[in-house]
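The lines below spell out each chain.
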Amino acid sequence: MPYPIAKLAYGLRCRLHELATPVERYKVQIAAGNPAIGSPIQALKKPVGSFVSIKYADNAVSIFRQEEFDFGNDCPVYRAQELKIKGASLQNLDCALLGHFIYENSLDMRYCHLSKSFFKKISSQADVASNINLIYLRGNTNDEYALKFSDLLTVFPNLDDIAANVPIADTWITEILQFPEHNITKLRFVLTMEQFTGLSTDGLVAFLKVLFVY
């Protein structure tokens, strides 16, 4: 249920500003239509280059070209076209570092602990999740999860390019067909030999006709 944050006492708004991540502060400003909703105003900055690359390993997190960024008090939010992320899980996505970045168009996730909850969590960090049009997945450290395209399309509804080199659920055809108004124009993924030989020729042809008719 939405709450009129602008009606909060100024002191409470400042306290909310202190508790929120830079990305959360920026989104509150946008939602309120008034940058002065909290103090100080959350600045926005574009880093050099079009992407941000974050790596999680050995209980630590690092960022490519870290010297470019300021993570101190009242630091800016950094906006990039693409987020490259390696070794992430649902647990370490809560780290403070990720709360400094907004990404707008594409996601490159390598050797992450994938799950439905993971996709939902990482979509919340995007500027507008519906703007994400490309996702690349390589490697999945979650042995209990096979990729479901429905999990992706639920949180990123306007994907037009999906590349996945991870295990795929057997139900991939029916999952995609759940979204008849999809924007997919390019779909690249790997099937096991068992999955491939189990495909019905007629079913596959019918699927392709439906997939590319929109």
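Only a predicted model underlies this, so the values are computations on that prediction, with no experimental measurement involved.

Re the nonpolar core
Here is step 1 of the chain: Judged by nonpolar contacts, the single largest core of 45 residues is most densely connected at M109, F119, I122, L137 and L147.
Here is step 2 of the chain: If one sorts the elements of this core by residue count, strand β5 (residues 101-112) sits on top with five residues.
Here is step 3 of the chain: Built from parts of two domains, this core gets at least three residues from each of domain 1 (2-146) and domain 2 (159-213).
Here is step 4 of the chain: Leaving out residues up to four positions away in the same chain, M109 has contacts with I85, F118, F119, I122, I135, Y136, L137 and R138.

Focus: the side chain of E175
Here is step 1 of the chain: Turning to its location among the elements, E175 is positioned in helix α5 (residues 172-177).
Here is step 2 of the chain: Salt bridges are absent for the buried E175, whose nearest opposite-charge side chain, K148, sits at 5.3 Å.
Here is step 3 of the chain: One polar contact links E175 to T171, side chain to side chain, over a distance of 2.4 Å.
Here is step 4 of the chain: The contact partners of E175, leaving out residues within four places of it in the chain, are L147, K148, F149, S150 and A169.

Section: the side chain of Q195
Here is step 1 of the chain: Topologically, Q195 is positioned in helix α6 (residues 193-197).
Here is step 2 of the chain: Setting aside anything within four residues of it in sequence, one finds Q195 in contact with I168, A169 and D170.

A short note on the confidence of the model for the protein chain
Here is step 1 of the chain: Considering every residue of the protein chain, the mean pLDDT works out to 82; 80% of them sit at 70 or more.
Here is step 2 of the chain: When pLDDT is averaged over each helix and strand of the protein chain, the minimum, 67, is found for helix α1 (residues 10-19) and the maximum, 96, for strand β6 (residues 134-140).

Overview of the environment of H100
Here is step 1 of the chain: With respect to the secondary-structure elements, H100 resides in the loop between β4 (77-86) and β5.
Here is step 2 of the chain: Linking H100 and L44, residues 56 residues apart in sequence, is a C-alpha distance of 9.9 Å.
Here is step 3 of the chain: Apart from the residues lying within four places of it in its own chain, the contact partners of H100 are P22, V23, F71, C75, P76, V77 and Y78.

Description of the environment of I184
Here is step 1 of the chain: With respect to the helices and strands, I184 occurs in the loop between α5 and β8 (186-189).
Here is step 2 of the chain: Exposure remark for I184: the relative accessible area of 3% places this residue in the buried category.

The rules behind the values
Residues numbered from 1 in each chain as written. Predicted model: local features only at pLDDT ≥ 70, side-chain atom pairs only at ≥ 80, totals over all residues. Heavy atoms only, no water. Core = buried A, V, L, I, M, F, W, Y, C linked by side-chain atoms within 4.5 Å. Buried < 20%, exposed > 50% of the residue type's maximum accessible area, 1.4 Å probe, protein only. Helix = DSSP H or I, 4+ residues; strand = E, 2+ residues; numbered from the N terminus. Domains from an automatic or database assignment. Contact = heavy atoms within 4.5 Å. Lys, Arg positive; Asp, Glu negative; His and termini not counted. Salt bridge = Lys/Arg side-chain N within 4 Å of Asp/Glu carboxyl O. Polar contact = N/O pair within 3.5 Å; in protein donor to acceptor, adjacent residues only side chain to side chain. pLDDT = per-residue confidence, 0-100.

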